[in-house]
Amino acid sequence: NFYGRPFNCWQRGGHGVLSLIDAIRYSCNVYFYNVGRRMGIDRIAEHAKLLGLGEKTGIDLPGEKEGLVPTQEWSQSARKTDWYPGETISVSIGQGPLVVTPLQVAVHTAIIANRGRGVAPHLFKSSVSLQGQPLGTATSSTAAEKIRADLFEKVIRGMWKSVNEEGTGRGAKVNDFDVCGKTGSTQLVSRERAEKLGRTLKTHSWFTGFAPRDNPRVVVTVLVEYGGMGGATAAPLAGQLFSLYKEKNDRPAID
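Below, the structure is looked at part by part. (Residues numbered from 1 in each chain as written. Predicted model: local features only at pLDDT ≥ 70, side-chain atom pairs only at ≥ 80, totals over all residues. Heavy atoms only, no water.)

**Things to note about the pattern of salt bridges**
Opposite charge on two side chains lets them pair, provided their charged atoms get close.
Line of reasoning, step 1. Inspection of every chain in the model, using the stated rule, returns ten salt bridges.
Line of reasoning, step 2. Put simply, D250 and R217 hold a salt bridge, and the shortest N to O gap is 3.1 Å. Taken together, the residues D250 in the segment after helix 10 (234-249) and R217 in the loop between strand 4 (203-211) and strand 5 (218-224) connect sequence positions 33 residues apart.
Line of reasoning, step 3. A relative accessible area of 41% places R217 in the partly exposed class.
Line of reasoning, step 4. Two residues, D250 and K246, come together in a salt bridge whose shortest N-O distance is 3.9 Å.
Line of reasoning, step 5. A single salt-bridge network, built from bridges that share partners, covers D22, R25, K161 and E165. (Salt bridge = Lys/Arg side-chain N within 4 Å of Asp/Glu carboxyl O. Helix = DSSP H or I, 4+ residues; strand = E, 2+ residues; numbered from the N terminus. Buried < 20%, exposed > 50% of the residue type's maximum accessible area, 1.4 Å probe, protein only.)

So this is what it looks like as structure tokens:
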């Protein structure tokens, strides 16, 4: 119960006491509700932007959207109202007035995989962006400077367990490839509103991850609209993509 309102975990009975690593492994909403409450929306936004959210990735395609990571200042400017603490609880698990693109999530995942170093994504074979900047190589980033290296390792360990030790991302497991990942399920309306309207609560299915755990080579981000739980739909699709990548790139050389 936060600020007079109940917030649920996807697992109705809850998960009990968890570490950060197992909270990622089991995708426990309640753990991250508490993290969000303690951080506050402005601190969440500060770290989200360090990790690639709320701004354009710089891909060599026109029309890219910035998305939105809300703050107290944004609420006053855009909505002419104060930010409510209860909204922070929703944002802490990716709900509420938070807007991200699959590409931003992929870049976010690459920063984690590279322990704080960013990657500028690109579509075309050219090695420079439309603005003449180098693309596709890992670069130094503010995240590496401001976030301790051991914290990246804890998150990565949780993502590895999610896929390889019966977590919510187990559908993405590929033998001998050390896939690390995180599932997500994005509600379109609140559980309470869906019940009032007599509707089934539909969610978008998410998975994002990378492989292998050390010296990562590939990021896979999957979004299935109305696909249900992330572990049920998006994770197995990601597993097929990881498997195809491994099969293609790990073939023995032909003399």
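**Comments concerning the environment of G118**
Line of reasoning, step 1. Tracing the backbone shows G118 in strand 1 (residues 118-119).
Line of reasoning, step 2. Its relative accessible area of 10% is what places G118 among the buried residues.

**Re the nonpolar core**
Line of reasoning, step 1. A172, F177, V179, F207, A238 and F242 are the most contacted members of the largest nonpolar core, which totals 14 residues.
Line of reasoning, step 2. Residue assignment for this core shows that the elements contributing at least two residues are strand 4, strand 5 and helix 10.
Line of reasoning, step 3. At four residues, the largest contribution of residues to this core is made by helix 10.
Line of reasoning, step 4. Grouped together as the second largest cluster of nonpolar side chains are 13 residues, F32, A113, M159 and F210 included. (Core = buried A, V, L, I, M, F, W, Y, C linked by side-chain atoms within 4.5 Å.)

**Brief notes about the sheet that holds strand 4**
Line of reasoning, step 1. Ordered by their spatial adjacency, three strands build an open sheet running 3-4-5, and the pairing between neighbours is antiparallel. Looking at strand neighbours, the two that pair on one side only are strand 3 (180-187) and strand 5, the edges of this open sheet. Ignoring which end each strand starts from, the neighbouring axes of this sheet average 10° apart.
Line of reasoning, step 2. By the bridge criterion, seven bridges tie strand 4 to strand 5 in an arrangement that is antiparallel. Directly across from T208, in strand 5, lies its bridge partner T221.
Line of reasoning, step 3. In this fold helix 8 (residues 149-164) packs onto strand 3 and strand 4, with an angle of close to 80° to the strand it touches most, strand 3.
Line of reasoning, step 4. Where helix 10 meets the sheet, its contacts fall on strand 3, strand 4 and strand 5, and the angle it forms with strand 5 comes to roughly 150°. (Pairing = 2+ DSSP bridges. Axes fitted to C-alpha atoms, helices over the stretch in contact; angles between N-to-C directions. Contact = heavy atoms within 4.5 Å.)

**Concerning a nonpolar patch on the surface**
Line of reasoning, step 1. Among the surface-exposed residues, L61, L123 and F124 lie close enough to one another that they form a single nonpolar patch of about 290 Å² accessible area.
Line of reasoning, step 2. By the secondary structure assignment, F124 is in the loop between strand 1 and strand 2 (138-139).
Line of reasoning, step 3. By relative accessible area, which is 46% here, F124 ends up partly exposed. (Patch = residues over 30% accessible without salt bridge, like charges linked within 9 Å, V, L, I, M, F, W, Y side chains within 5 Å. Areas by Shrake-Rupley, 256 points an atom, 1.4 Å probe, with all protein chains shown as cover.)

**Quick word on helix 6 (residues 102-113)**
Line of reasoning, step 1. Between its first and last C-alpha atoms helix 6 spans 16 Å; for twelve residues at 1.5 Å apiece the expected length is 16 Å, and the two agree.
Line of reasoning, step 2. Most of helix 6 sits out of view: ten of its twelve residues are buried.
Line of reasoning, step 3. Those residues of helix 6 that are buried are in contact with helix 3 (41-50), strand 1, helix 7 (142-146), helix 8, strand 4 and strand 5.
Line of reasoning, step 4. Note on helix 6: the residue one or two positions beyond its end, R115, has a positive phi of about 55°. (Expected span 1.5 Å × (residues − 1).)

**Quick notes on the packing of aromatic side chains**
Line of reasoning, step 1. Applying the stated criterion across every chain yields a total of seven aromatic pairs.
Line of reasoning, step 2. With 6.5 Å between their ring centres and 70° between their planes, W74 and W83 make a pair best called edge-to-face.
Line of reasoning, step 3. Three or more aromatic residues joined by ring pairs make a cluster, and in this case those are F2, F7 and Y33. (Phe/Tyr/Trp six-rings, centres within 6.5 Å; stacked < 30°, edge-to-face > 60°.)

**Concerning the packing of helix 6 against helix 8**
Line of reasoning, step 1. Two elements in contact, helix 6 and helix 8, have axes whose closest approach is 9 Å; the angle formed by their N-to-C orientations is 115°. By the angle between their directions, the pair helix 6 and helix 8 is classed as roughly perpendicular. Counted together, T109, I111, I112 and A113 of helix 6 and F152, V155, I156 and M159 of helix 8 form the full contact between these two elements.
Line of reasoning, step 2. Considered class by class, the residues forming the contact of helix 6 with helix 8 number seven nonpolar, one polar and no charged. (Parallel < 35°, antiparallel > 145°, perpendicular 65-115°, else oblique. Nonpolar A, V, L, I, M, F, W, Y, C, P; charged D, E, K, R; others polar.)

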